[in-house]
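An overview of the molecular structure
Each chain, written out:
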Amino acid sequence: MPESPQLLPLELPDGSVTEVAPGTTPLAVAAGIGPGLARAAIGAELDGRAIDLRLPLTEGGRFRLFTARDPESGDFIRHSAEHVLADAVKRLWPDVEIDVGRVDHSEKFQYDFRFERAFTPEDLEQIEAKMREILAEDHPFERQELEREAAAELFRGMGESLKVERLADIPEGEPISIFRDGDFTDLCRGPHVQRLSQIGAVKLLEASGVYWKGDDRNEMLQRIYGTAFATADEMKAYEEQFEAARARDHRKLGPELDLFSFDPLAPAMPFFHPKGAFIYNELVDFVRELQNGRGYGEVVTPQILDIDLWHASGHYDYYREGMFFTEAEDKSMAVKPMNCPTHCLIYKTRLRSYRDLPIRYGDFGRLHRYEKSGVTSGLTRVRSFAQDDAHVFCTPEQSEDEVLAAVEMIREIYDTFGFDDQLELSTRPEKRLGSDELWDRAEATLEAALARTGLDYDVNEGDGAFYGPKVDFQIRDAIGRSWQLGTVQLDFQMPERFGLQYIGADGAEHQPVMIHRAMLGSIERFIGILIEHTAGAFPLWLAPVQAVVLPVSEKFGEYAAGVRDRLVEAGARAELDGRNEKLGYRIREAQLAKVPYMLVVGAKEEEAGTVAVRLRTGEDRGPQPTDALAEHIGKLTRTRSLEL
RNA sequence: GCCCACGUGGCUCAGGGGUAGAGCACUUCCUUGGUAAGGAAGGGGUCACCGGUUCAAAUCCGGUCGUGGGCUCCA
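What to know about the pattern of salt bridges
- Under the definition given, this model contains 46 salt bridges.
- The shortest N-O distance in the salt bridge between E524 and R366 comes to 2.8 Å. Taken together, the residues span a long stretch of sequence, with E524 in helix α16 (residues 523-534) and R366 in strand β20 (residues 366-368) at a distance of 158 residues.
- Taking the relative accessible area as the measure of exposure, E524 reaches 0% and is therefore buried.
- Linked through salt bridges whose partners overlap, the residues forming this network are R428, R432, D436, D440 and E443.

Notes on helix α13 (residues 399-417)
- The terminal C-alpha atoms of α13, which comprises 19 residues, lie 28 Å apart, in line with the 27 Å expected from a rise of 1.5 Å per residue.
- Among all positions in α13, only S399, E402, V403, L404, A406, V407, M409, I410, I413, Y414, T416 and F417 are buried.
- Positive phi shows up at G418, right after α13, with a value of about 75 degrees.

A few points about the domain arrangement of chain A
- Domains assigned within chain A are domain 1 (8-66), domain 2 (73-248), domain 3 (261-534) and domain 4 (540-638).
- At the junction of the two partners, domain 1 supplies 16 residues and domain 2 supplies 12 residues.
- Carbon and sulfur atoms make up 58% of the surface buried where domain 1 meets domain 2, a total of about 1,100 Å² over both sides.
- Looking at the side of domain 1 facing domain 2, the largest losses of area belong to I42, D52 and R54, adding up to 57% of the total buried there.
- The interface formed by domain 1 and domain 2 contains 8 residue pairs in polar contact (both at pLDDT 80 or more).
- For the side of domain 1 that touches domain 2, the elements supplying multiple residues, two or more each, are α2 (35-40), β3 (43-46) and β4 (49-51).

Some details on the sheet that holds strand β18 (residues 331-335)
- Strand order in the open sheet made by the 3 strands is β16-β18-β17, with antiparallel pairing throughout. Bordering the open sheet on either side are β16 (304-306) and β17 (325-328), each of which pairs with just one other strand. Across the sheet, the mean angle separating the axes of adjacent strands is 40 degrees when strand polarity is ignored.
- In terms of strand pairing, β17 meets β18 through 4 bridges, oriented antiparallel. The residue of β18 that forms the bridge with A328 is K331.

Some remarks on the protein's contact with RNA strand B
- Taken together, 53 residues lie around RNA strand B, and V100, K213, S373, N580 and R588 are the ones closest in.
- Here the atoms of RNA strand B within 4 Å of the protein split so that 50% fall in sugar or phosphate, with bases taking the remainder.
- Side-chain polar atom of S208 to a sugar or linking oxygen of RNA strand B: 3.1 Å apart, as the coordinates give it.
- At 3.5 Å from a base oxygen of RNA strand B is found a main-chain nitrogen or oxygen belonging to K604.
- For the surface near RNA strand B, the elements supplying multiple residues, two or more each, are β6 (97-103), β9 (176-181), β11 (201-211), β12 (220-229), α18 (583-592), α19 (603-608) and β32 (610-615).
- Of the residues forming the surface near RNA strand B, the biggest block, 7 residues, is contributed by α18.

Description of the sheet that holds β9
- One open sheet holds the 3 strands; their spatial order is β8-β9-β10, and the pairing between them is antiparallel. Each edge of the sheet is formed by a strand with only one pairing partner; in this case those strands are β8 (141-146) and β10 (184-187). Strand-to-strand twist of the sheet, defined as the mean angle between neighbouring strand axes without regard to direction, takes the value 25 degrees.
- Against the sheet, helix α3 (residues 73-92) contacts β8, β9 and β10, and its axis sits at roughly 125 degrees relative to β10.

Quick word on the packing of aromatic side chains
- For the structure on display, the rule yields 24 aromatic pairs.
- Ring geometry for F272 and Y280: centres 5.4 Å apart, planes at 55 degrees, overall tilted.
- Each residue in the set W93, Y111, F113, F115 and F119 is aromatic and connected to the rest through ring pairs, giving one cluster.
- Between the NZ or CZ atom of R78 and the centre of the ring of F229, over which it lies, the distance is 5.2 Å.
- If you follow R640 out to its NZ or CZ, it ends over the ring of W541, 5.1 Å from the centre.

Conventions used here
Residues numbered from 1 in each chain as written. Chains lettered and ligands numbered in written order. Predicted model: local features only at pLDDT ≥ 70, side-chain atom pairs only at ≥ 80, totals over all residues. Heavy atoms only, no water. Salt bridge = Lys/Arg side-chain N within 4 Å of Asp/Glu carboxyl O. Helix = DSSP H or I, 4+ residues; strand = E, 2+ residues; numbered from the N terminus. Buried < 20%, exposed > 50% of the residue type's maximum accessible area, 1.4 Å probe, protein only. Expected span 1.5 Å × (residues − 1). Domains from an automatic or database assignment. Contact = heavy atoms within 4.5 Å. Buried area = accessible area lost by both parts, 1.4 Å probe. Polar contact = N/O pair within 3.5 Å; in protein donor to acceptor, adjacent residues only side chain to side chain. Pairing = 2+ DSSP bridges. Axes fitted to C-alpha atoms, helices over the stretch in contact; angles between N-to-C directions. Near = heavy atom within 4 Å. Phe/Tyr/Trp six-rings, centres within 6.5 Å; stacked < 30°, edge-to-face > 60°. Lys NZ or Arg CZ within 6 Å of the ring centre and 35° of its normal.

Spelled out as structure tokens, the structure:
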């Protein structure tokens, strides 16, 4: 393609290429395409990077324009709403100093203020009303670049000392831009919408105290959160989605379904009731079955160990704040927060040959971690939990195969639950132990194993553990949220600290590699995620009660009991609800309990030896022979099917 | 840990300086009813805990505990 050196080629979404002079703004490009587009445009994107409509272009690339119809315009809208929020607060309390705002991934924006007190819910209402007034003024955003000193002077003159300090954090060489809308001016990189009227709906959500720059040694500022959309309909959809998420909150559903509870006498430590414990044990059995067939040996190790062990493992130095301690007979002991050191002790009980390796230990032991009081939450962040934890001790040569095998097993597990997963490779962090050669080798091992899976993966530079790189698994649940579950980590430090050895083919001592592996992660947390993923309607194989038999009236109680017994004999988890209530009432209760099968029996069924099958989905399967149903349930349960 | 909000029977919530209310759930009785709530009666709470103010505190004040939202970076 012939290319004039002065012109920038822009590849438009339809594949055509237009060339513009350097310094042309996206807005001018839009105007060149059509005046309607220029009016409707909210923002632009160059090579996947969001850019402001007023930012002069300095290079070409793949170019797109966004209007209110594009979901990408949301960030432009929310980023602009930040300014409106700050403007509103300044109009109401002129002495407030503004810090910075930002948007996050969950359709929210925020702004931090230096204010002498916390914002109250009444303040938020007042601010929101003021924001609506400002939006109605429909000012355009104007972008301006300033020299560093001029910007500093501007904000000093405005009494915005926090801004002046923020200014100093901007690296040399980066352009310093300000945006104005009406009388409000803010230091900002953008990008913003063209005009305030493009922000169709705003809502303030909550306020919270935050440390300046997130550091608890700094002063506390007051943050306000809000959300904004192009249209009121989108705002409504957001609110509905929020409500939907609340309705499947495991902290609400869990106690409601009688799965677990908490007690203030053991904060953040769940009590699993029989139904919850059933699911718990079923998950453990599933993992046990999978890994025992792949050369793992399950071990059981102590809960409380001498503090010396934790000094040796490094946990005392690195992880002390996260541990529980106790003592007995003048000995300091610690409750284990992780299993790995105990597995090292087992490894060391005898001399290992390279012929013994790999050695794979699985452990479902209970772990305790002292999570700070403000960070615990339901089952997803607890102080007492178990993991489907395993450690593989192997030779460096075996490590790639072992990583590959672990990754494949993890994917098999997620398939069973219908989770889509995404792999992430996390590489050496700044703060780390071990030589660069060791890290080179470890990262190469993980990369090689991932390459052999043929799967796509993201790389998180610098996100590895201090003792080694890792592969993490992110899954996406039914309402689109992602969770990190499984992990495969390489560790050269623990073998070193515990002096682990094996005798190689050469008769000399060598150090084994240790692989940490979890698939579901914490069982507790996984149950929480599963409750929210399924909204409490567990797959049949995990449903604590699979079927409830409902006699139409007490006359058919005996037949119903017989049906229940036949199902139970066939291995199904069936119950009888012969209470003195109307059928509709008992159906409703079974439905709310998310029981997969509701089996209605009356005269017709008794005569034919059948049950009338109703599913929790509302589907009516009609009459079916009891034996056939028992077999059906048994088969789906054995195969851990997601079908009903 | 820090900021803010909240804590009334099993659940959802009303009340609010003068020694507690509703609906659902629970128990009993009536009803024997064919696919999401039949009717009646009854039992159940030291209003999270500790302390203070007051003639009087569930209510006001302080503290404690617990729960919820938030607290790296992205000016």
